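# Structural description and commentary
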Amino acid sequence: MQSLSKRADKNAISRRALLGGVVSSAVLMSIRSSEASGDLGFVVQVRGLLSRSAGDGHQRLESGNPLLDGDLVSTGEESSAELKLGGDTRILLGPQTSLFIDSFIAGQGGVLELASGQMIFDRPEGLPKIDVSVRTAFGMIGVRGTKFFAGPNRGAFSVFVEHGKVEVTNAGVSRRLLRGQGLDIRPPESAPRSLGKEATMAELSRLAVPSIPQDWEQSRIAEAYSSIGLE
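These lines cover the structure that appears in this document, whether it is placed above or below. (Residues numbered from 1 in each chain as written. Predicted model: local features only at pLDDT ≥ 70, side-chain atom pairs only at ≥ 80, totals over all residues. Heavy atoms only, no water.)

### Here's the deal with the packing of aromatic side chains
Note the cut-off: Pairs were defined over the aromatic rings of Phe, Tyr and Trp, the Trp ring being its six-membered one, requiring ring centres within 6.5 Å. Orientation was assigned from the angle between planes: stacked under 30 degrees, edge-to-face over 60, tilted for the rest. Think of it this way: any DSSP run of H or I at least four residues long counts as a helix, any run of E at least two long counts as a strand, and we number them from the N terminus. Accessibility here uses a 1.4 Å probe with only protein chains present; expressed as a share of the type maximum, an area under 20% marks a residue as buried, one over 50% as exposed, and anything in between as partly exposed.
Enumeration over the complete set of coordinates arrives at 4 aromatic pairs. A centroid spacing of 5.1 Å and a plane angle of 15° characterise the contact between Phe160 and Trp216, whose relative ring orientation is stacked. Highlighted residues: Phe160 in strand β14 (residues 156-163) and Trp216 in the loop between β18 (214-215) and α3 (218-226), separated in sequence by 56 residues. Residue Phe160 is classed as buried on the basis of its relative accessible area of 3%. Judged by relative accessible area, Trp216 falls into the buried class, the value being 11%. When the ring of Phe160 is compared with that of Tyr225, the centres are 6.4 Å apart and the planes differ by 70°; the resulting orientation is edge-to-face. Linking Phe160 in strand β14 with Tyr225 in helix α3, this pair joins segments that are 65 residues apart in sequence.

Right, here's the structure in full:
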C-alpha cells in the first residue's frame, strides 16, 4: 500500500510539473505574441481630445494607450498630444491635427503622414540616426534624426529645423534644411490652364515650390512652437 501511495504521489508530482511546464510555455508564448503584436509606441499625454481611427473603429485615447501601425490619430479643437514612437522619438501634435502612422520600426524609422494640422518631430541629438519620411499635402519631408516643426504658419505650410537636417520635396524641387533654417510652401495664387479654374486645393498644393531656406528669427520659432500647445 505504501508503495502504491508513493507511486501515486510521484505521478501527481509529474502531472503538476507537466502542467507547470505547459502553463509556463503558454505565458512565454503570450509575452512573445504581445511583443510581436505591432505595438510601436504609446500616448504620453493628452490635453483635450485624442482619438484613434483604425479600420471601421474609433477610440478615444488616453495616456499610456499603445499605438499601432495603421493608426490614424487625431486631436480635437483646443487639444494637443504627445506621442512616443520606438522608445526615443517624440511626436507633438497641435489642435485639429491628424497623423497617420503608416509604419514605424524602433531603431530603423518608417513612414508617417501629416494629414492636417501641425506637428513637432523630436529625436534627441546623439542617438543613432533613423530614416523617416513624412508625407504631407505639400510634399515629402525626409528625416535623418532631427527635431523639426511642420504645419501651417503665417499663411503657408512651413517647415523649421531646430537640429539635424531634413529634405523637403514638392513640385519636383528639393530643399535641404539645416539647423535653425525654415522654409514656406505656398500654393500658386491662380491655377494653370492645364488644371482649369475648378482646380482643387490638393491639386494646387502639388504645384507649390518650396522656398529657399532661411534662418528663422526666434520670434517666429516661438510662434510656431506655441501653436502646438505642448513642448
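This is not the end of the story, as more comes after the structure.
### What about unusual backbone geometry?
A positive phi angle is found at Gln96, which is not glycine, with a value near 50°. Within the element layout of this structure, Gln96 appears in the loop between β7 (89-93) and β8 (98-105). At Ala171, a residue that is not glycine, the phi angle is positive and equals roughly 55°. Checked against the element boundaries, Ala171 lands in the loop between β15 (166-170) and β16 (173-177). On the accessibility criterion, Ala171 (36% relative accessible area) is partly exposed.

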